[in-house]
Amino acid sequence: MNYKIIETLLRNKGVFTLKMFYKEVTWTDFDLLERFMTDVFVELNVPRDDAEICANVLITADKLGIDSHGIGRFYPIYVERLKARVQEPITNFEIIRESPTTAVVDGNHGMGHVIGFKSMDLAMKKAKDYGMGMIAVRNSTHYGIAGYYSLMAVKENMIGITGTNARPAIAPTFGTEPMLGTNPLSIGIPSDDDFPFIFDAATSVTQRGKIEVFARAEKEIPQGWVIGEDGEVRTDTASILIDLEKGKAALLPLGGKGSETAGYKGYGFATVVELLSAALQDGSYLKALSGYDSNGNRTPYKVGHFFVAINIEAFTEIDKFKRTAGEILRELRRSRKDPNAERIYTAGEKEYLTWKERKNKGAPIDKVIKSQLIELRDEFNLKSYIFPWEKDIYS
């Protein structure tokens, strides 16, 4: 079959369907998907203003090419947990301790995206007045891509830092038991480039979301991502997702297995994020974040976050800072590259390039997500939504 011809036909029809090496995806308008997620959240009793925040965090991941944390997680994470009543649709954002530059927030198991948005907003307000602001959060839920909140600060000419703990997934170096979450850390720094420096990474080699992408593609994961309870590296994707839940498999920390490739460094970073996400706010940690009680009943995840905003103008003029930051990043990209590599990147650049590529195409929706969205559309009787893959593209 000549996929080039079909690709041209579909592009001319306004529905660009790409035949990938493992399955077909349909590029789908971002605004359509964001509106749909918002309406489903509202049907699940999330207030509309909050629903819009949640949907925007998710679609931003897809815009930047972070498909492991976008609409692919809408149904299996957020919709499922709201239906199971292990998180609250109405977010009670409760400040329980506060100083001019700090605050401790109890999220009361509400929507993590809303808690994250309000927490970084509060940190930025404090930074505007006092130079810096830091918020520690307890009893929250999964808040999407950490980089979203760092980017909030960057847009206000500030440095933004955030991290979160999560359900147990990473084994300590020389261990096989999942103890730490993937515990991502994100730092956003403005520059005079077309894109800011946004570092957003799990402290594990990979995260559960990427394994879910491989599972939907029916592909084995690469060597070196996951370890079994017997200490052997595993690649059997579908079984791994089951065993991660049972504690019979674990993600490896950044650096990989053992000490030869410095896995202890990733383990150390994951522990730092755990400490800052739990100890400052008297929050839950490690196995207490599993989402199950001692009798095996589902419970809220009780995750913690931290948010830091640094007002650059408390230190130097913003234009000077951006110029220096930009020069540092450009010099790194101009440095001598590996002859076998295409080019050198800095953090945030690939996401920027992905957005430029995707902004007129939309998000890639695979067959699993298609069925999930149709199921939700029909369940909540949202009849006004007709998705591109449902249309007769040859008519």
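In case you missed it, the structure is sitting above this.
Residues numbered from 1 in each chain as written. Predicted model: local features only at pLDDT ≥ 70, side-chain atom pairs only at ≥ 80, totals over all residues. Heavy atoms only, no water.

1. What about the overall build of the protein chain?
What counts is decided by this rule: Numbering goes from the N terminus for both helices and strands, where a helix is a DSSP run of H or I of at least four residues and a strand is a run of E of at least two. In this treatment the radius of gyration is a C-alpha quantity, and the globule benchmark scales as 2.2 Å times the residue count to the 0.38 power. The rule is simple: take the accessible area with a 1.4 Å probe, protein chains only, and divide by the maximum for that residue type; under 20% is buried, over 50% is exposed, in between is partly exposed. Any two residues whose heavy atoms approach within 4.5 Å at even a single point are treated as in contact.
Assigned secondary structure in the protein chain consists of twelve helices and 13 strands. For 395 residues, the compact-globule formula gives about 21 Å, and the C-alpha radius of gyration of the protein chain, at 21 Å, lands near that figure. Across its three principal directions, the C-alpha atoms of the protein chain cover 65 × 55 × 50 Å. Within the span of the protein chain, comprising 395 residues, buried residues form 51% of the whole. Sequence separation of 24 or more characterises 67% of the internal contacts of the protein chain that already satisfy a separation of 6 or more.

2. Some words on the sheet that holds strand 8 (residues 197-201)
Applied cut-off: Paired strands, in this sense, are two strands between which DSSP finds at least two bridges. With axes taken as lines fitted to C-alpha atoms, and helix axes fitted only over the stretch in contact, angles between N-to-C directions fall between 0 and 180 degrees.
With mixed pairing, seven strands are arranged side by side in an open sheet as 3-4-5-12-6-7-8. Strands at the two margins of the open sheet, each flanked by one partner only, are strand 3 (94-98) and strand 8. Here the average twist between neighbouring strands, direction ignored, is 15 degrees. With seven bridges connecting them, strand 6 (residues 158-164) and strand 12 (residues 303-311) associate as antiparallel partners. Bridging across to strand 12, Ile161 finds its partner in Val308. With respect to the sheet, helix 5 (residues 112-130) is in contact with strand 3, strand 4 (102-106), strand 5 (132-140), strand 6 and strand 12, its orientation differing from that of strand 5 by roughly 160 degrees. The strands that helix 9 (residues 263-278) touches are strand 5, strand 6, strand 7 (185-189) and strand 12; relative to strand 12, the one it contacts most, it runs at about 90 degrees.

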